[in-house]
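Coordinate analysis (summary)
Now for the letters of each chain:
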Amino acid sequence: MGIIKAFKLGFDYLKYDEDGNVQDTQRAVDDVNLDIEAGEFVAILGHNGSGKSTLAKHLNALLLPSEGTLWIDGTATDEEPELWKLRQKAGMVFQNPDNQIIGTVVEEDVGFGPENMGVPTEKIWKRVDESLQKVGMTAYRHHSPNKLSGGQKQRVAIAGIMAMRPKCIVLDEPTAMLDPNGRREVLKAVRELNQQENVTVILITHYMEEVIHADKVYVMDEGKIVMQGTPKEIFSQVDTLKKYRLDVPQVTLLAHELRKSGVDIPEGILTTEELVSALCR
Amino acid sequence: MLRDITLGQYYPANSVLHKLDPRTKLAGTMVFIISVFLFHTLPGYAVATLFLAAMIAVSKVPVKFMFKGLKAIVMILMITVVFNMILTPGEVLWKLGFLKVTREGVQLAVRMAIRLTYLVIGSSIMTLTTTPNQLTDGLEKALRPLNKIHVPVHEISMMMSIALRFIPILLEETDKIMKAQIARGADFENGNLIQKAKNMVPLLVPLFISAFRRANDLAMAMEARCYHGGEDRTQMKPLKYAAWDRAAYGILAAYLAVAIAFRVAGI
Amino acid sequence: MSIELKNVTYTYSPGTSYEIHALKDINLMIPDGQFIGVIGHTGSGKSTLIQHLNALIQPTSGTILYNGEDIWAEKYNRKALRSEVGLVFQYPEHQLFESDVLSDVCFGPMNQGLTREEAEVEARKALQQVGFKEKNYGKSPFELSGGQKKRVAIAGVLAMNPKILILDEPTAGLDPKGRDDILDQIAELHKLRGITIILVSHSMEDIAKYVERLIVMNQGEAVFDDTPKAVFAHYQELEFMGLAAPQITYIMHALKEHGLPVDEEATTVEEARGSILSALKEMHSPLFHEEVTGGQENA
């Protein structure tokens, strides 16, 4: 079994009337099966409202399934009485950089997780030092988070998660509120963590450029997983992606259009280099 | 404009004051406030001024920041001074109709002005050299005995530190919302009191909604980072008195002794 | 309905250690009816610039003329100016406050002195022009999706009948389909109302597809002000400023370097396709046989 596994996972949002009776249920996650191996870089794509954020909150036991089971490192989330122990294994980074930094100084924020876990003081310092180093924010350790750029704030948030030494890190649209430079910065940090620290990464996003380096891509629509495969496999299906309100990187789209016009090049071209070598043989 | 408020704002620097235990600084602030009320003569105020000046110098915080906090209380200061001047009975110095300025009034006004100013600057030194987190840690530890009578000290201090972190963010947001509504023709300046209150609705509704949203997000982020109350929680920066603190307490004791001596001797 | 900026400079917290020169000696002429893009990384001064255009910020020095009149002259009616120059901020959450969509959009027109009935006429027109469905007029703005909120926010400003509409990153946070829909709608508005549109964006791809004129801000200066094609020709300098040209620009340059005679100025997928097809034809490339496919005319 992988680090994260879901079996027939379903989740309903309940709408209550004034008397507190269930008035309406809305299915946000429907019959999802996942099996994510340790060390993988997995991307979950989907338009706004596709259920991807609801799914993400299950991966960290912030939500518990209405149906089916989700295992984090072999433990089913609905069987663990102390959920915070599971949350430490699968850390979570959220979309809004301002709303997840608790500390008023960078290093104090990074230490927040270990403090909650009851890590002894000297070890907290060690973890904080290491985590800041890993995301390249050591120089800012005494700064106030309010003075940092969006990309820097997200890197602090990632360091805060890394300080809990999770096996897996779930990022729920970490770049949606950032400018292109901030986005690059955050992605670079995430990729390095995956490659150098061997941390399992689950990246939830709707930016296509961010997933071309993933090992595996899942596409969600209406709470279901509708496509899965390598980035190349996914991106060769330009028209299907469009149906799910998504698009592909411009280079992939151009290659797709050229193919439609009768040029003999392969589908699923992801980078400029690939296109150039396909056209200039 | 809103961002100018410095009260409760930390100024990062590497000074002895920054390194002191927050409890020492809390005690220090208390001692200083007491001393300002003990002193009541020129030599006394000279000692207090000297002490304050020394602290500002040691703190390595630019003097400008110290005085910024005063902006917020300028109105209160003016009112206090004016009222003291005209309402204190005594030897009349100057008269206009029923308004009389007395010698005693001027003396009292000056004293009040000095006390208020020193009070604000004194507490600014503490907030500028202490991160809100350290401050709440200090308070938490100082108030820990209250835990016995079921006061949720940890929760209160956690709330305080979160509030401090979000004040600048919400101020900035207020600024943005105001601009967005002004661009739609909203008017926050003109009209009578009732109209003004009504005109605030387009500002307050988005602000409250955003604040609730942030609270919700933050609660989730804290849970995701294993927050489960104060139980079994360790601290990254546990409060520990160091040599500096012992020295500081010594200085404070000496200073307080001087203040009491001045009062007793009537200087 | 032109706006003219003459030597506009803006400094935050002048005289302190926090002093920031957000704008340095900006000279711009914004005539009627253009579709203008403004691009620059965070902190380049682009937000400060657009807030000058409707008098939300007063320049430290320099003058801003609207139809030849100084908008900071003593008697100038800046409230009236703000109805002429509409500004939609990035987050719709910062302006939506009413209990239903229609009332919210009426807020602007009613501030202009219209009655509720008159305001509703304008509101309905604006909502319709941003593609917001009538069946949702009674909904609370807070239960809408991100894209719908954005539309209501734009309608809220559009209902005031501005001659110039400024949009600060209207696509932030939207998914790809939502992004394309909003931008198409804005382009449609430009045609429909004939008003000037100023679009602030982070996305070079979006800019390349829609605007006729592009202003690039860097460190408080307007470093480029030209057609998008002319600006993207400076793609190396753009990179130096932490920006980038559209991905297509890079592809075209790379292809040219590798010997394919393509048009380096192409910036959209459509243009690139045409240019590559004709280049392949010219080279008699074995990859492409025109007669099989019916040629480049099929879109």
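Residues numbered from 1 in each chain as written. Chains lettered and ligands numbered in written order. Predicted model: local features only at pLDDT ≥ 70, side-chain atom pairs only at ≥ 80, totals over all residues. Heavy atoms only, no water.

**Some details on the interface of chain A and chain B**
Note the following rule: By definition, residues are in contact when any of their heavy atoms lie within 4.5 Å. Take the accessible area each of two parts loses on contact, using a 1.4 Å probe, and add the two losses: that sum is the buried area. By salt bridge we mean one thing: a side-chain nitrogen of Lys or Arg within 4 Å of a carboxyl oxygen of Asp or Glu. Distance and chemistry together define a polar contact, namely a pair of N or O atoms within 3.5 Å, with one atom able to donate a hydrogen and the other to accept it when in protein, and with adjacent residues in sequence counting only for side-chain atoms on both sides. Under the DSSP-based scheme used, a helix requires at least four consecutive residues in state H or I and a strand at least two consecutive residues in state E, with every element numbered from the N terminus.
Contacts between the two partners involve 41 residues from chain A, matched on the other side by 30 residues from chain B. Across the chain A to chain B interface the summed buried area is about 3,100 Å²; carbon plus sulfur atoms make up 56%. When the buried area of chain A at its contact with chain B is split by residue, Asn99, Ile102 and Asn116 of chain A rank highest and sum to 21% of it. The interface formed by chain A and chain B includes five salt bridges. We note a salt bridge from Glu223 of chain B to Arg87 of chain A, for which the minimum N-O separation is 3.8 Å. Put simply, chain A and chain B have 17 residue pairs in polar contact (both at pLDDT 80 or more) between them. Elements with a minimum of two residues in the side of chain A that touches chain B: helix H2 (83–89), helix H3 (106–110), helix H4 (112–117), helix H5 (121–134) and helix H6 (150–162) of chain A.

**Examining the interface of chain C and chain A**
For the record, the criterion: Throughout this entry, Asp, Glu, Lys and Arg are counted as charged residues, while Ala, Val, Leu, Ile, Met, Phe, Trp, Tyr, Cys and Pro are counted as nonpolar. The remaining residues, Gly among them, count as polar.
Facing 33 residues of chain C, the contacting portion of chain A comprises 33 residues. Of the roughly 2,900 Å² buried where chain C meets chain A, counting both sides, 61% is carbon and sulfur surface. Summed over the three residues of chain C that lose the most area to chain A, namely Asp175, Val269 and Leu287 of chain C, the buried surface amounts to 22% of that side. Between Arg179 of chain C and Asp247 of chain A there is a salt bridge, with its nearest N and O atoms 2.8 Å apart. At the boundary of chain C with chain A, the tally comes to twelve residue pairs in polar contact (both at pLDDT 80 or more). Mapped by element, the contributors of at least two residues to the side of chain C that touches chain A are helix H6 (176–193), helix H10 (247–257) and helix H11 (269–282) of chain C. In terms of residue class, the side of chain C that touches chain A is built from 18 nonpolar, ten polar and five charged.

**Points about the sheet that holds strand E3 (residues 35–39) of chain C**
Working definition: the strands of a sheet are paired by backbone hydrogen bonds and lie parallel or antiparallel to each other. Residues and elements named next belong to chain C. Heads up, the rule is: Any two strands with at least two DSSP bridges between them are considered paired. Note on method: axes are straight lines fitted to C-alpha atoms, helices fitted across the in-contact stretch only, with angles between N-to-C directions ranging 0 to 180 degrees.
Taken together, six strands build an open sheet; the order of strands is E6-E7-E8-E3-E9-E10 and the sheet is mixed. Edge positions in the sheet fall to strand E6 (85–88) and strand E10 (221–226), since each has one partner strand and no second. Here the strands of the sheet are splayed against their neighbours by 15° on average, with no regard to which way each runs. Relative to strand E9 (residues 213–218), E3 is paired through four bridges, and the arrangement is parallel. Of the residues in E9, the one forming a bridge with Ile36 is Arg213.

**Digging into the packing of helix H5 (residues 74–87) of chain B against helix H6 (residues 103–129) of chain B**
Think of two packed helices as two axes; the pair is described by the angle between the axes and how far apart they sit. Residue and element names in this part refer to chain B. To be explicit about the condition: Note that the term roughly parallel is reserved for angles under 35 degrees, roughly antiparallel for angles over 145, roughly perpendicular for angles of 65 to 115, and oblique for everything else. Take the far helix as your reference; a near helix turned counterclockwise from it by less than a right angle gives a left-handed crossing, and one turned clockwise gives a right-handed crossing.
One can describe the packing of H5 onto H6 by two numbers: an axis separation of 7 Å at closest approach and a directional angle of 160°. Classified by the angle their axes make, H5 and H6 are roughly antiparallel. Pair H5 / H6 crosses with right-handed handedness. Across the interface between the two elements, Leu77, Thr80, Val81, Asn84 and Met85 of H5 pack against Gly105, Val106, Leu108, Ala109, Met112, Ala113, Leu116 and Thr117 of H6. Of the residues assigned to the contact of H5 with H6, the class counts are nine nonpolar, four polar and no charged.

**Comments concerning helix H3 (residues 101–111) of chain C**
Under the convention used in this document: Each residue is placed in one exposure class: buried if its accessible area under a 1.4 Å probe, protein chains only, is under 20% of its type's maximum, exposed if it is over 50%, and partly exposed if it falls in between.
Where burial is concerned, most of H3 of chain C is hidden: nine out of the eleven residues are buried. Turning to H3 of chain C, its buried residues number three or more, namely Val101, Leu102, Ser103, Asp104, Val105, Cys106, Phe107, Gly108 and Pro109 of chain C. Looking at the buried residues of H3 of chain C, the elements they touch are helix H8 (153–182) and helix H10 (201–224) of chain B together with helix H4 (116–129) and helix H5 (146–158) of chain C.

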